[in-house]
Amino acid sequence: MSQSYEVIFENNRKWQETKRQQYPDYFKDLADGQNPEYLYIGCSDSRVAAEELMGFEPGDVFVHRNVANLVHGLDMNAASAIEYAVSHLKVKHIIICGHYNCGGIKAAMKPQDLGSMNPWLRSIRDVYRLHQEELDAIEDGHLRYDRLVELNVQEQCLNVIKMACVQERYLLDGYPIVHGWVFDLRTGRLIDLNIDFKNILADIQKIYDLTDSEWVVNARKKAG
């Protein structure tokens, strides 16, 4: 077994000892359950660690990650994570976090056959198609790449807002709020794209309203 693999368990032992010294009941409390306020949907890129860049500890953030931080309508993995976070954990904030220098975004910008990745990356290419005029007007390739990262985050926020569990809980509780972020690997800075969640929800409800208004009214009466 390689030394680089074995060092993981040594690191884990040191981490355990450090946590117990700092707070003797740390693992007891960790085992008692989770009550995060945040659902973080991010990229699988090894350079982007959700809790660390947010300054949080285990138990503070419910995390779902995939290539290029996508939320596909037929992706049951992402849908299950969102449903669980919204309906059972009662998170107050859903964060879609992309990052500059994203390999998935870069791959989607290239006109080439990428095999089994084609269906996954097609969603990013759809974002490019929707914003082609704006993107093609950006002469600097790096800036165009960065802008597609941002536009992809915005589109994934829309996909989350379209979900019934998100709409219904927001109508009942005023949460969760959906946010779009970008992590800049070059500076370590988190950038809030300031997604206007309330207005976006209002704008799309004519087509994507999945709530039963009568159910919502009755649920409000029961809650009251």
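Definitions and cut-offs
Numbering of residues begins from 1 in every chain and follows the order in which that chain's sequence is written. Only residues with pLDDT of at least 70 get local features here, since the model is predicted, and only at 80 or more are side-chain atom pairs given and counted; chain-wide, interface and lining totals rely on the full set of residues. Derived side-chain values reflect all non-hydrogen atoms in the structure, with water molecules and hydrogen atoms excluded from consideration. UniProt positions are given in the numbering used here, feature names are shortened, and annotations may be inferred rather than shown by experiment. With axes taken as lines fitted to C-alpha atoms, and helix axes fitted only over the stretch in contact, angles between N-to-C directions fall between 0 and 180 degrees. Numbering of helices and strands starts at the N terminus; helices are DSSP runs of H or I of at least 4 residues and strands are runs of E of at least 2. An angle counts as roughly parallel when it lies under 35 degrees, as roughly antiparallel when it exceeds 145, as roughly perpendicular when it falls between 65 and 115, and as oblique in every other case. What makes a crossing left-handed is the near helix being turned counterclockwise from the far one by less than a right angle; a clockwise turn instead makes it right-handed. Here, residues are in contact when the closest pair of their heavy atoms is within 4.5 Å. Residue classes follow a fixed rule: Ala, Val, Leu, Ile, Met, Phe, Trp, Tyr, Cys and Pro count as nonpolar, while Asp, Glu, Lys and Arg count as charged, and any other residue, Gly among them, counts as polar. Put simply, buried Ala, Val, Leu, Ile, Met, Phe, Trp, Tyr and Cys residues joined by side-chain atoms within 4.5 Å make one nonpolar core. When a residue's accessible area, from a 1.4 Å probe over protein chains only, is under 20% of the maximum for its type it is buried; when over 50% it is exposed; and in between it is partly exposed. By disulfide we mean two sulfur atoms from cysteines, separated by a distance within 2.5 Å.

Labelled according to an unreviewed UniProt entry, the protein chain appears under the name Carbonic anhydrase, originating from Neisseria macacae ATCC 33926. Per UniProt, the protein chain has the following entry under Catalytic activity (unreviewed entry): "hydrogencarbonate + H(+) = CO2 + H2O". In UniProt, the protein chain has this text filed under Sequence similarities (unreviewed entry): "Belongs to the beta-class carbonic anhydrase family."

Caption draft 1: Up close: the packing of helix H4 (residues 76–88) against helix H9 (residues 164–173). Put simply, H4 and H9 touch, their axes get as near as 9 Å, and they point 15 degrees apart. Put simply, H4 runs roughly parallel to H9. Considering how the two elements wind past one another, H4 and H9 form a crossing that is left-handed. Contact residues: H4 offers Ile 82, Glu 83, Val 86 and Ser 87, while H9 offers Cys 165, Val 166 and Arg 169. Here the residues of the contact of H4 with H9 sort into four nonpolar, one polar and two charged.

Caption draft 2: Here's a closer look at the nonpolar core. Formed by 47 residues in total, the largest nonpolar core has its most connected members in Ile 82, Ile 94, Val 160 and Val 166. With eight residues, the top contributor of residues to this core is helix H8 (residues 141–161). Those residues in contact with Val 166, other than ones at most four positions away along the chain, are Ile 82, Val 86, Ile 94, Val 160, Ile 161, Pro 176 and Val 178. Residues Val 48, Ala 50, Met 54 and Cys 97 belong to the second largest nonpolar core, which totals nine residues.

Caption draft 3: Local environment of the state of the cysteines. What the rule picks out here adds up to zero disulfides. Cys 102 supplies the cysteine sulfur nearest to Cys 43, a cysteine that is in no disulfide, at a spacing of 4.1 Å. Take Cys 102: its relative accessible area is 1%, and that puts it in the buried class.

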